[in-house]
Amino acid sequence: MLGADPDQAMAAMADGALEPEPEGDFELSPEEWQGWEVFDAMWTNWIVVAGWGGAYRQGLNYTALPTVMDFLQVPRKKRRNVFWMVRILEDEAKKHLNKP
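Model, not experiment: these values are computed from the prediction.

What to know about the packing of aromatic side chains
Thinking step 1. In the structure shown here, the tally under the stated rule is five aromatic pairs.
Thinking step 2. Ring centres of W36 and F39 lie 5.8 Å apart, and the angle between their planes is 45°; this geometry places the pair in the tilted category. With W36 and F39 both in helix α2 (residues 30–41) and three residues apart, this pair spans about one turn of that helix.
Thinking step 3. Ring centres of F39 and W43 lie 5.6 Å apart, and the angle between their planes is 75°; on these two criteria the pair is classed as edge-to-face.
Thinking step 4. By relative accessible area, F39 is classed as buried at 4%.
Thinking step 5. Ring pairing ties together the aromatic residues W36, F39, W43 and W46, which thus form one cluster.

Focus on the pattern of salt bridges
Thinking step 1. What the rule picks out here adds up to three salt bridges.
Thinking step 2. A salt bridge links E92 to K95; the nearest nitrogen and oxygen atoms lie 2.9 Å apart. Taken together, the residues E92 and K95, both in helix α4 (residues 79–97) and three residues apart, mark about one turn of the helix.
Thinking step 3. A residue is classified by how much of its surface remains accessible, and E92, at 27% relative accessible area, is partly exposed.

Structural notes on the confidence of the model for the chain
Thinking step 1. Taken over all residues, the pLDDT of the chain has a mean of 83, while the share at 70 or more is 78%.
Thinking step 2. Highest mean pLDDT in the chain belongs to helix α3 (residues 65–71) (96); lowest belongs to helix α1 (residues 6–14) (62).

Topic: the nonpolar core
Thinking step 1. Counting 14 residues, the largest nonpolar core has V38, F39, M42, L60, M69, V82 and V86 as its most contacted members.
Thinking step 2. Elements that contribute at least two residues to this core include exactly α2, α3 and α4.
Thinking step 3. Of all the elements, α4 adds the most residues to this core, at four residues.
Thinking step 4. Excluding residues within four positions of it along the chain, M42 makes contact with L60, N61, A64, L65 and V68.

Some remarks on the pairing of strand β2 (residues 54–60)
Looking along a regular strand, one sees side chains alternate from face to face of the sheet.
Thinking step 1. Two strands pair when backbone bridges link them, and strand β1 (residues 46–51) and β2 are joined in this way by six bridges, in the antiparallel orientation. Across the sheet, I47 pairs through a bridge with G59, a residue of β2.
Thinking step 2. Linkage of β1 to β2, two consecutive antiparallel strands, is achieved through a turn of two residues.

As for the side chain of R79
Thinking step 1. Within the secondary structure, R79 sits in helix α4.
Thinking step 2. A polar contact of 2.6 Å, which involves the side chain of R79, links it to the side chain of D70.
Thinking step 3. The contacts of R79, once residues within four sequence positions are left out, are P66, M69, D70 and V74.

What counts as what
Residues numbered from 1 in each chain as written. Predicted model: local features only at pLDDT ≥ 70, side-chain atom pairs only at ≥ 80, totals over all residues. Heavy atoms only, no water. Phe/Tyr/Trp six-rings, centres within 6.5 Å; stacked < 30°, edge-to-face > 60°. Helix = DSSP H or I, 4+ residues; strand = E, 2+ residues; numbered from the N terminus. Buried < 20%, exposed > 50% of the residue type's maximum accessible area, 1.4 Å probe, protein only. Salt bridge = Lys/Arg side-chain N within 4 Å of Asp/Glu carboxyl O. pLDDT = per-residue confidence, 0-100. Core = buried A, V, L, I, M, F, W, Y, C linked by side-chain atoms within 4.5 Å. Contact = heavy atoms within 4.5 Å. Pairing = 2+ DSSP bridges. Polar contact = N/O pair within 3.5 Å; in protein donor to acceptor, adjacent residues only side chain to side chain.

Now the structure itself:
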């Protein structure tokens, strides 16, 4: 959290002031669908760092992204927006994939 005290945030969450993210299904708008489709197709392109502590997914290998967008026929004028959607999905996925 930008500028937030982690101890205060944890205390607020324990007090119920902050609710955890909901589990379950989410609905995507038509504008978000192409971003999800590209992210899903990139799923096997994670950069994984392995060590004594286990494996950590560092992020997606973006060298495959233009090929995936070509294959899924993402129009050039939408690629910038789709790229940022993939980045957001990647960030959220890392939170779950890298849980201890």
